[in-house]
Each structure stands twice: as structure tokens, then as C-alpha cells.
Amino acid sequence: LLKVRIDPEDPNFEVLTRIQNDCSRLINLMESVLAFSRPIEPNLQPVDILDHLSKLLERWHPRFNRLNITFILQHPKQATFVVGDPRLMEQIFTNLISNAVDVMEKSGGSLAVKVTINKSVSCHPQVEVAISDSGPGIPDDIIEKIFDPFVSTKPKGTGLGLAITKHMVTAQRGTIHVNSFPGGSVFNVNLPLYLGD
């Protein structure tokens, strides 16, 4: 209310802007802490993973163009269904794509999303979604604990994004892991393949 009532030229305007930004950051942090600590009860159902990812990437298309990021979606020819919660899957893949875009924001690059059926993970076939970027990679001292709470490569990050992502993947009976090297990172999410009733 104070900011609305004063002129942008007022010397206090910048101070109020900083206070407003700090409040927004604290709200985001508290929402992240609550999301991490709250138990997840997924609504598991068959989800067409290819359709799901195609629609998600389509929404990112304008930002990819603006940041000079090329992207490719590789997938099996047949429809592929996983057992998952569409709402949680949206958050998982949005977070992973957002992280990939963040590391390529300044210089552009390439983002690849590859969907494969993986029968070697467990007794139940899995669908593996690999999201790779051409960013600088994750430092060795961080990669071992990248899914731990409050670990971040971003100066202003909360360090909860990937911890929450892992929490949501696990709630859907899936797994997530990462490989990184100079010149890129690959996050692999495995979710149960839907085998029918």
C-alpha cells in the first residue's frame, strides 16, 4: 500500500521495492518448506507421457525461442502410458526443464527430452524420461547431495526444488537420478509403465 501511494521518484520507492521482493522470496521459501514437509497422496492413474510432455514443451516454446535454446523430444512410436499423478508430473517436469533453462539462459544451448521403455530397472517395466541440457554441469562437491534439502547451485535458490521433485517422484513409485559432466547434465526420471487393468 505504501508503494502504491508514493511517487516512483521518491527515494523510499527503491527501499519499498526491496522489502516487497524480500517478502515474495520469503513466501516462496515457506511454500517450498511446506511442500517438502507435507505428505503427498498421489492420485495414480494412466497418463499418456508423450502427450503430457508434448503439451508441456509447447508451453515452453516461446521462452526457448527467446533464449536461443533448441529442443528435441525423442520417444517411441507407440503411445506410452505411465502410472502417475498428472498434477505431480507437471510439477516434476516443469521444475527439471526450468532448471535446465536457467543454466542455459545467458548463452543458449540445447535441451533434449528422451522417452524410453526401460525393462532393466526392476521387476516392473519403467518408462524413463531423460532431460538433458548443454549447460556447464553440476560441480562435483554438490552432485552427490543435489537432492538433499537446502542444496542449491543458484545464488538465490532455496535448495528445495530438487528435494521436492524427488519427493514427488518417490510418491509415484518412481526414481530419479542425475549424471553430470563439463558441458551438460542429464536427469533421469523412471515411472512405472502402465500395463493395463
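That block above? That's the structure.
Residues numbered from 1 in each chain as written. Predicted model: local features only at pLDDT ≥ 70, side-chain atom pairs only at ≥ 80, totals over all residues. Heavy atoms only, no water.

(A) Summary view of the pairing of strand β3 (residues 81-84). Residue alternation in β3 divides its side chains into a buried set, V82 and G84, and an unburied set, F81 and V83. Here strand β1 (residues 45-48) pairs with β3 via 4 bridges, running antiparallel. Note that in β3 the partner of Q45 across the bridge is G84. (Buried < 20%, exposed > 50% of the residue type's maximum accessible area, 1.4 Å probe, protein only. Helix = DSSP H or I, 4+ residues; strand = E, 2+ residues; numbered from the N terminus. Pairing = 2+ DSSP bridges.)

(B) A look at the nonpolar core. In this structure, I49, F93, L96, I97 and L111 are the most contacted members of the largest nonpolar core, which totals 43 residues. Going through the elements one at a time, α3 (49-66), α4 (86-104), β4 (109-118), β5 (126-133), α5 (140-143), α6 (161-171), β6 (175-181) and β7 (184-192) are the ones with two or more residues in this core. At 9 residues, the largest contribution of residues to this core is made by α4. If we ignore the near neighbours within four places in the chain, the residues touching I97 are L56, L57, W60, F64, L111 and I131. (Core = buried A, V, L, I, M, F, W, Y, C linked by side-chain atoms within 4.5 Å. Contact = heavy atoms within 4.5 Å.)

(C) Spotlight on the sheet that holds strand β2 (residues 69-74). One open sheet accounts for 5 strands, arranged β2-β4-β5-β7-β6; its pairing is mixed. Only two strands of the sheet have a single partner each, and these edge strands are β2 and β6. On average, adjacent strands in this sheet sit at an angle of 15 degrees to one another, irrespective of strand direction. Pairing of β5 with β7 involves 8 bridges; the strand directions are antiparallel. In the strand pairing of β7, V129 is matched with V189. α3 rests against β2, β4 and β5 of the sheet, and its axis sits at about 180 degrees to β4. (Axes fitted to C-alpha atoms, helices over the stretch in contact; angles between N-to-C directions.)

(D) Quick peek at the pattern of salt bridges. The full count for this structure, using the stated rule, is 5 salt bridges. With its nearest N and O atoms 3.1 Å apart, the salt bridge here joins D51 to K55. A residue pair is termed a helical-turn pair when its members lie 3 or 4 positions apart in one helix, as D51 and K55 do in helix α3 at 4 residues. In this structure, the salt-bridge partner of R63 is D102, at a minimum N-O distance of 3.8 Å. Residue R63 is found in helix α3, and its partner D102 is found in helix α4; the two are separated by 39 residues along the sequence. (Salt bridge = Lys/Arg side-chain N within 4 Å of Asp/Glu carboxyl O.)

(E) Structural detail: the packing of aromatic side chains. All told, the structure shown has 3 aromatic pairs when counted by the stated rule. When the centroid spacing of 5.0 Å and the interplanar angle of 45 degrees are considered together, the rings of F64 and F71 count as tilted. Among the residues examined, F71 registers a relative accessible area of 30% and is labelled partly exposed. Look at F147 and F187: their rings are 6.2 Å apart centre to centre, the planes differ by 85 degrees, and that puts the pair in the edge-to-face class. A residue pair is termed long-range when its members are at least 10 positions apart, and F147 in the loop between α5 and α6 and F187 in strand β7 qualify at 40 residues. Side by side, F147 and F187 carry an identical accessibility label, which is buried. Feature note: the residues W60, F64 and F71 constitute an aromatic cluster, connected by ring pairs. (Phe/Tyr/Trp six-rings, centres within 6.5 Å; stacked < 30°, edge-to-face > 60°.)

(F) Seen up close, the packing of α4 against α6. Two numbers describe how α4 lies on α6: the axes approach to 10 Å, and their chain directions differ by 145 degrees. You can see that α4 and α6 cross each other, and the crossing is left-handed. Taking contact as the criterion, the partners of L88, Q91, I92, N95, L96 and N99 in α4 are, on α6, G161, L162, T165, M168 and V169. Considered class by class, the residues forming the contact of α4 with α6 number 6 nonpolar, 5 polar and no charged. (Left-handed = near helix turned anticlockwise from the far one by under 90°. Nonpolar A, V, L, I, M, F, W, Y, C, P; charged D, E, K, R; others polar.)

(G) Spotlight on the side chain of D133. Relative to the assigned elements, D133 resides in strand β5. For D133, the side chain forms a polar contact with the main-chain nitrogen of G135, separated by 2.8 Å. Those residues in contact with D133 that sit more than four places away from it in its chain are A100, V103, M104, S110, G183, G184 and S185. (Polar contact = N/O pair within 3.5 Å; in protein donor to acceptor, adjacent residues only side chain to side chain.)

(H) Representation of the environment of H177 in the model. Mapped onto the secondary structure, H177 falls in strand β6. Here the alpha-carbon distance between H177 and N188, two residues 11 residues apart in the chain, equals 5.4 Å. Dropping the residues within four chain positions of it, H177 is found in contact with E128, F147, V186, F187, N188 and N190.

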